[in-house]
Amino acid sequence: MNVKAEPVHAALETIPAESPGAPRGDDNSSLRADILEKLTYYVGKSTVTASDRDWFVAVALAVRDRVVDRWIASTKATYENGAKRVYYLSLEFLIGRLLFDALNNLQLTDPVRAALEELGVDLDRLRTVEPDAALGNGGLGRLAACYMESMATLGIPAYGYGIRYEHGLFRQALKNGWQQEYPEDWLSFGNPWEFERPEVVYAIGFGGTVEAEATSDVMVRSVWKPAEVIEAVAYDTTIVGWRGRHVNTLRLWSARASHPLRLDAFNLGDHVGAFADRMRAESISKILYPSDETPAGQELRFRQEYFFAAASLQDLVRRHMKVYGDIRTLHEKVAIQLNDTHPTIAIVELMRLMLDTYDIAWEEAWEITQKTFSYTNHTLLPEALESWPVPLIERLLPRHMQIIYLLNAFHLDAARSKNPGNDALLSSVSLIDESQGRRVRMGQLAFAASHRINGVSALHTDLMRQTVFRDLNTLLPGRIVNKTNGITFRRWLHQANPGLTKLLVEAIGPKILDDSMELEKLKPLADDAAFREKFLAVKRANKVALAKVIQEQIGIRVDPSSLFDVQIKRIHEYKRQLLNILETIALYDAIRAQPTRDWNHRVKIFAGKAAPSYHQAKLIIKLANDVARIVNSDPTVRDKLKVVFLPNYNVSLAEAIVPAADLSEQISTAGMEASGTGNMKLALNGALTIGTLDGANVEILENVGDDNIFIFGLKADEVEARRREGIDGTANISNSPILAEVIEAVESGVFSPGEPGRFGSLTNALRHHDYFMVTADFDAYYATQRRVGDKWRDTAAWGRSSILNVAGMGWFSSDRSIAEYAEDIWDVPVRY
Ligand SMILES: *Cc1c(COP(=O)(O)O)cnc(C)c1O
């Protein structure tokens, strides 16, 4: 069979054209009645037997009804006015919980709270029973979630496309300080937010052959005959914009076999084998790959990429053809954004559909493709630049491989005619890497097929131009643009920090809820002692709440008046949690040497997951926990220093930690963090940053002013220069008595009694292979931490800087980022 851009079953549009019935009331009594109705008739429980989870489902369904009314209106309006749509393709959406997103954006938090109170139910307890939708690893997936919310807020008709992983990112537990991974089961109690669309099903082919079929005496067309066909089924989740103005769809694909059961085998008694095809097909949407930064070089991952790209392309092409009837106008009505290279095969799929299904000539198909696609680059790390072996693509997608070969031939012809004799340039821009077995380079392919390629911070974009895409940028100039990342303030300020939000509304007016740049009005208040008091009281309350979480989770009591020094993010050598731990040990040594000095009280708070196969990162987690155990049980230290590692970092834990942070650790090796968004969440909530000039830290510095941030360490170009000189750390260590003592302590087993060699691979790297410049930056970091301590003693100065951080962060709203994408990349209007 040929896999055509047609659903297996006739897919009528999935949303009815008119809302049935009257809009639902938002007053307490309507809400209460609706929640009770859902509890009774959907959940099937009475108020007597209902558990918190039952109540959560009832509330979610009652709220969802109110979203759906607006969803239908949004979709209808888009059809009626023929608006261009944005399709955001991402293999990850790190969403977290959705209840408070919907409640907050529909202004229903207080009415629902009141309605539940009348029923004797506490909304905040219900909040915590919702499982996190953790369909992502870290920053990249969280960015996709923030961008979905901002696109809805700005009234951009958009679909997010991804995979409905049955198991999201693993749950992290700590056993003796070692990371243990457990499967995550977010769907086990059902998901009240999603709509299954059994009628939206597409056939996705793999393998097989390509045959030439004569279409006339002179024309042939290629017909791909896949050996294996599986089905992609749509599940829709609504994404409500701020104040419910617009609602978009997140459409996630689930895989299933076209023939779930081989009846012949079953009847012959092979009861397990009869389901083998089904298992194989369904494995595609079974789990999220827990690789952070590096592609899992596995066939299943590639099958996931094609599966979701092909389903999404068929879906959006069908929608376009139904309304406009002409594939040649696709780029006028459709913008496709690739969130990193993972969906890049969608480019080849669109070419295939145009060439083989719609008989568009090559030149025109390529023009339309380039006008439709754009690509966001997220990393310059060489090990994370995605590529796939040619034989793998040839075997799984034979027609696509033919198209890639042709694309590369035309691409290299153009490059050769512009740069005759420049072989180095040719091999650097080629879509196929010949150096280590033949591999298709997804970054080069995504670049060549996109009218815009964006970096995610100013520095990252500059480095992109100078490094990975230097030659492509010469060949295809003017395509690289910067779109510095942002975060949605609805989640990371309004929901996570209601105390601060309330204070802001009181102090500078309610407009702050709609326009993040209003935060600038806070600046004069930084010098107002009465306001500072109120501001610090909010921070204090958030710290008391986090102290409670710490006590409950890991049984450690922390003093909320301490400086809360926070590093929360994936564990990675380039993020340099190790630098922070070494400084912690140095501080511990100093306290023990002079226990009676008037030390600041500090709590070092860590959270983050390591990729399961990333040995060094897991060892860093173990070291943090071993240091915590020794420090926390040392009676000479007590409240002067506490070290906590909170397990299972996810969006919900971030929402608890971020509002309580005083100091934000953003200490990556300069040139290695593309942007960071954790840095933005923390500064927005009043944490002062200690950080390197890396990623968006550079722009945070510009926005908050150099008196209100602690910048230290080598700059990106200096890191490059140092690396050229060599990465042995011996000299750095011998020049730093404090660092030398710290490393010796680790090596002598102070934190691993009886097993001094436990951290040998970390300390050896520091001594002889310090690629991440931990030893080179240690003294600067240590000294800067002492400046942090000095400032902390001056409560007024600290409070002033903290307020000025909040005041300066308005620019980092993802509404600003998305408005820039809309104007420079997608060519769609925004509505404020
Ligand atoms: C924001 C966020 C990240 C990204 O943090 P960085 O510090 O930018 O790496 C990762 N994971 C979660 C759960 C987040 O909320």
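Reading the values: the criteria
- Residues numbered from 1 in each chain as written.
- Predicted model: local features only at pLDDT ≥ 70, side-chain atom pairs only at ≥ 80, totals over all residues.
- Heavy atoms only, no water.
- UniProt positions renumbered as here; feature names shortened; annotations may be inferred.
- Helix = DSSP H or I, 4+ residues; strand = E, 2+ residues; numbered from the N terminus.
- Expected span 1.5 Å × (residues − 1).
- Buried < 20%, exposed > 50% of the residue type's maximum accessible area, 1.4 Å probe, protein only.
- Contact = heavy atoms within 4.5 Å.
- Core = buried A, V, L, I, M, F, W, Y, C linked by side-chain atoms within 4.5 Å.
- pLDDT = per-residue confidence, 0-100.
- Pairing = 2+ DSSP bridges.
- Salt bridge = Lys/Arg side-chain N within 4 Å of Asp/Glu carboxyl O.
- 1 Å grid on protein atoms, 1.4 Å probe; cavity = no way out; pocket = protein on both sides within 12 Å on 5 of 7 lines; lining within 4 Å.
- Points joined across faces, edges and corners; volume = space filled by probe spheres on them.
- Nonpolar A, V, L, I, M, F, W, Y, C, P; charged D, E, K, R; others polar.
- Near = heavy atom within 4 Å.
- Polar contact = N/O pair within 3.5 Å; in protein donor to acceptor, adjacent residues only side chain to side chain.
- Areas by Shrake-Rupley, 256 points an atom, 1.4 Å probe, with all protein chains shown as cover.

As annotated in an unreviewed UniProt entry, the protein chain carries the name Alpha-1,4 glucan phosphorylase and comes from Segnochrobactrum spirostomi. Quoted verbatim from the Subcellular location (unreviewed entry) heading of the UniProt record, the comment on the protein chain is "Cytoplasm". For the record of the protein chain, the UniProt heading Cofactor (unreviewed entry) holds the text "pyridoxal 5'-phosphate".

Asker: How would you summarise helix 32 (residues 795-808) if you had to cite specific residues and measurements?
Answerer: The end-to-end C-alpha distance of helix 32, which contains 14 residues, comes to 20 Å, matching closely the 20 Å that a straight helix rising 1.5 Å per residue would cover. The buried fraction of helix 32 amounts to 10 of the 14 residues, a majority that puts the element mostly inside the structure. Turning to helix 32, its buried residues are W798, G799, S801, S802, I803, L804, N805, V806, A807 and G808.

Asker: Provide a residue-level description of the UniProt feature "modified residue: N6-(pyridoxal phosphate)lysine" (unreviewed entry) in the protein chain, including the pertinent values.
Answerer: What UniProt calls "modified residue: N6-(pyridoxal phosphate)lysine" (unreviewed entry) maps, in this numbering, to K681. Its location among the elements puts K681 in helix 25 (residues 678-684). Since its relative accessible area comes to 8%, K681 is described here as buried. K681 has contacts with R142, I487, W492 and V658, leaving out every residue within four places of it along the chain.

Asker: I'd like a rundown of the nonpolar core, residues and numbers included.
Answerer: I156, I204, W253, F307 and W826 are the most contacted members of the largest nonpolar core, which totals 205 residues. Per-element accounting of this core gives the leading share, 11 residues, to helix 2 (residues 52-81). Non-local contacts of W826, meaning those with residues more than four positions away in its chain, are made with K84, V86, M151, I156, A335, Q337, S374, I818 and Y821. Core analysis: the second largest hydrophobic core is formed by 60 residues, V631, L641, L688 and L739 among them.

Asker: How would you summarise the confidence of the model for the protein chain if you had to cite specific residues and measurements?
Answerer: For the protein chain, per-residue confidence averages 95 on the pLDDT scale, and 97% of positions sit at 70 or higher. In the predicted structure, residues 1-19 sits below a pLDDT of 50 and forms 57 contacts with residues beyond four places in sequence or in another chain.

Asker: Help me get a handle on the pairing of strand 9 (residues 220-225), residues and values and all.
Answerer: Two faces, one strand: in a regular strand the side chains alternate between the faces of the sheet. Pairing of strand 8 (residues 209-214) with strand 9, which is carried by six bridges, proceeds in the antiparallel orientation. Within strand 9, the residue paired with T209 across the bridge is K225. Where strand 8 folds back onto strand 9 in an antiparallel hairpin, the turn is made up of five residues.

Asker: Explain the pattern of salt bridges to me, and be specific about the residues and the numbers.
Answerer: Overall, the coordinates contain 65 salt bridges when judged by the stated rule. One salt bridge in this structure joins R251 and D236, with 2.8 Å as the shortest N-O distance. Placement of R251 in strand 11 (residues 247-257) and of D236 in strand 10 (residues 228-240) is noted, with a sequence separation of 15 residues between them. Look at D236 and you get buried, because its relative accessible area is 1%. A salt bridge links K575 to E673; the shortest N-O distance between them is 2.9 Å. Pair noted here: K575 is in the loop between strand 19 (563-568) and helix 22 (577-593) and E673 is in the loop between strand 22 (663-666) and helix 25, with a separation of 98 residues, a long-range link. Neither K575 nor E673 differs from the other in exposure class; each is buried. Members of the salt-bridge network, linked through shared partners, are R197, D236, R251, D315, R318 and R319.

Asker: Provide a residue-level description of the environment of R164, including the pertinent values.
Answerer: Inspection of the secondary structure assignment puts R164 in the loop between strand 4 (158-163) and strand 5 (171-175). On the basis of relative accessible area, R164 is assigned to the buried category, the value being 13%. Placed 87 residues apart in sequence, R164 and R251 show a C-alpha to C-alpha distance of 8.5 Å. In this structure R164 touches L187, E194, Y235, L252, W253, S254 and S285, once residues within four positions along its chain are discounted.

Asker: Provide a residue-level description of empty space enclosed by the protein, including the pertinent values.
Answerer: The final tally for this structure, using the stated rule, is nine cavities of 30 Å³ or more. Taken together, 23 residues form the lining of the largest cavity, with E130, W186, N191, P192 and W193 sitting closest to its centre. For the lining of the largest cavity, the secondary structure elements donating two or more residues are helix 2, strand 2 (93-96), strand 3 (133-135), strand 10 and strand 11. By residue number, the principal contributor to the lining of the largest cavity is helix 2, which donates three residues. Within the lining of the largest cavity, the residues separate by chemical class into 15 nonpolar, four polar and four charged. Among the elements that line the lining of the second largest cavity, the one with the most residues is helix 2, at four residues. Each residue belonging to the lining of the second largest cavity can be placed in one class, and the counts come to five nonpolar, six polar and one charged.

Asker: How would you sum up the site of the ligand? Please name residues and give values.
Answerer: Every one of the 15 residues lining the ligand counts as a neighbour, but K569, K575, T677, G678 and K681 are closest to it. Within the contact set of the ligand, an oxygen atom lies 2.7 Å away from a side-chain nitrogen or oxygen of K575. A distance of 2.8 Å separates an oxygen atom of the ligand from a polar backbone atom of T677. Look at the ligand: alone it shows 390 Å² of surface, and the protein chains cover 95% of it. For the shell around the ligand, the elements supplying multiple residues, two or more each, are helix 24 (651-657) and helix 25. Residue composition of the shell around the ligand, by class: six nonpolar, six polar and three charged.

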